[in-house]
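Understanding the architecture of this molecule
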Amino acid sequence: SQTIHQWPATLVQPVGSPLSLECTVEGTSNPNLYWYRQAAGRGLQLLFYSVGIGQISSEVPQNLSASRPQDRQFILSSKKLLLSDSGFYLCAWREQRPSGANVLTFGAGSRLTVL
Amino acid sequence: AQSVTQPDIHITVSEGASLELRCNYSYGATPYLFWYVQSPGQGLQLLLKYFSGDTLVQGIKGFEAEFKRSQSSFNLRKPSVHWSDAAEYFCAVAPSWGKFQFGAGTQVVVTP
């Protein structure tokens, strides 16, 4: 069966420090990968998605970047964190079309607090 | 453009009572429809999905949802809620293999 892992689960970082959140998927190959953010009291915002190694699409201009160095690894980064980067970050995966199941499966999330 | 509206930001329900969460969508054709649940500090878990066929969909944890094309709605129901159903619930739509669009969520509080 497929599983998705995110780490770290919780992170407290000072303003201006770098960020790296990692997500890996097991039990599947060539998945579509996604990074979402939930700010306090708000819904889900799609930040980045990737359909393959090195292929990143950005949905929202911001202080963050994403990379996919391996097929099942998706990394969210920042060189200098802002207070507004605080939030709950969720990684998700979906099978590639057309034969895959059109369902998004989420990781457990990473809580980032920028002070 | 597709959109999802969850009119209720917050619902309080007594344990054992029935629950209905509303979801309305806007899309030119019939999209794929989903309900997810999120417990505090956790990721989202899929409750159920509708792609086609029977408009009444059964999901996990005793939840069901009904797709009504004429009303562009996909409301989630549970006949008798348990304290463990306290969570945030998200409706989502996706046009075939397009991007998921999530509603703002409905926070459910269960009282004794």
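So, a few notes on the structure that sits alongside this text. (Residues numbered from 1 in each chain as written. Chains lettered and ligands numbered in written order. Predicted model: local features only at pLDDT ≥ 70, side-chain atom pairs only at ≥ 80, totals over all residues. Heavy atoms only, no water.)

Our next topic: the overall build of chain B. Along its length, chain B carries zero helices and twelve strands. Going from the N terminus to the C terminus, chain B shows its helices and strands as β-β-β-β-β-β-β-β-β-β-β-β. Here chain B has a C-alpha radius of gyration of 13 Å; the compact-globule value for 112 residues is 13 Å, and the two agree. Each of the three principal axes of chain B carries a C-alpha extent, and together these read 40 × 30 × 20 Å. Within chain B, the proportion of its 112 residues that are buried is 46%. When contacts within chain B are restricted to residue pairs at least 6 apart in sequence, those whose partners lie at least 24 apart make up 54%. A total of about 5,200 Å² of accessible surface is found on chain B, and carbon and sulfur atoms cover 49% of it. Counting 8 positive and 8 negative side-chain charges, chain B places the centres of these two groups 8 Å from one another. (Helix = DSSP H or I, 4+ residues; strand = E, 2+ residues; numbered from the N terminus. Rg over C-alpha atoms; globule rule 2.2 N^0.38 Å. Buried < 20%, exposed > 50% of the residue type's maximum accessible area, 1.4 Å probe, protein only. Contact = heavy atoms within 4.5 Å. Areas by Shrake-Rupley, 256 points an atom, 1.4 Å probe, with all protein chains shown as cover. Lys, Arg positive; Asp, Glu negative; His and termini not counted. Charge placed at Lys NZ, Arg CZ, Asp CG, Glu CD.)

Residue and element names in this part refer to chain B. Relative to the helices and strands, N75 is located in strand β9 (residues 73–78). Residue class for N75 comes out buried when judged on its relative accessible area of 15%. There is a polar contact of 3.3 Å between the side chain of N75 and the side chain of E20. With near-sequence residues (within four places) excluded, N75 lies in contact with E20, L21, R22, C23, W35, E64, A65 and E66. (Polar contact = N/O pair within 3.5 Å; in protein donor to acceptor, adjacent residues only side chain to side chain.)

With that settled, consider the pairing of strand β5 (residues 44–52) of chain A. All names here are of chain A. Of all the nine residues making up β5, seven are buried; the element is thus mostly covered by neighbouring parts of the structure. One ladder, built from six bridges, connects strand β4 (residues 32–38) with β5; its direction is antiparallel. For R37, the partnering residue across the bridge sits in β5 and is Q45. Pairing between β5 and strand β6 (residues 55–58): three bridges, direction antiparallel. Following the sheet pairing, G52 is matched in β6 by Q55. (Pairing = 2+ DSSP bridges.)

Right, let's talk about the sheet that holds strand β8 (residues 73–78) of chain A for a bit. Residues and elements named next belong to chain A. Sheet architecture is open: four strands sit in the order β1-β3-β8-β7, paired in antiparallel fashion. Each of the sheet's edge strands pairs with one partner strand only, and the pair in question is β1 (3–7) and β7 (65–70). Put simply, the sheet's adjacent strands are angled 20° from each other on average, direction ignored. Of the pairings in the sheet, the one linking strand β3 (residues 19–26) to β8 comprises six bridges and is antiparallel in character. Note on β8: the bridge partner recorded for C23 is F74. (Axes fitted to C-alpha atoms, helices over the stretch in contact; angles between N-to-C directions.)

Here we take up the pattern of salt bridges. Residues and elements named next belong to chain B. Overall, the coordinates contain seven salt bridges over all chains when judged by the stated rule. Of the charged contacts in the structure, one is a salt bridge between E66 and R77, with a shortest N-O distance of 3.3 Å. With E66 in strand β8 (residues 64–68) and R77 in strand β9, this pair connects stretches of sequence that are eleven residues apart. The network of salt bridges with shared partners includes E64, E66 and R77. (Salt bridge = Lys/Arg side-chain N within 4 Å of Asp/Glu carboxyl O.)

Here the focus is the interface of chain A and chain B. It is common to give the size of an interface as the accessible area that goes away when the parts come together. Counting from both sides, the interface comprises 22 residues of chain A and, opposite them, 19 residues of chain B. Buried surface at the junction of chain A and chain B, summed over both partners, amounts to about 1,600 Å²; 61% is from carbon and sulfur atoms. The tally of links between chain A and chain B comes to one salt bridge. Salt-bridge contacts for A:E59 lead to B:K99; the nearest nitrogen and oxygen are separated by 2.8 Å. Of all the secondary-structure elements, those providing two or more residues to the side of chain A that touches chain B are β4, β5 and β9 (87–94) of chain A. Of the residues that constitute the side of chain A that touches chain B, the class distribution is twelve nonpolar, six polar and four charged. (Buried area = accessible area lost by both parts, 1.4 Å probe. Nonpolar A, V, L, I, M, F, W, Y, C, P; charged D, E, K, R; others polar.)

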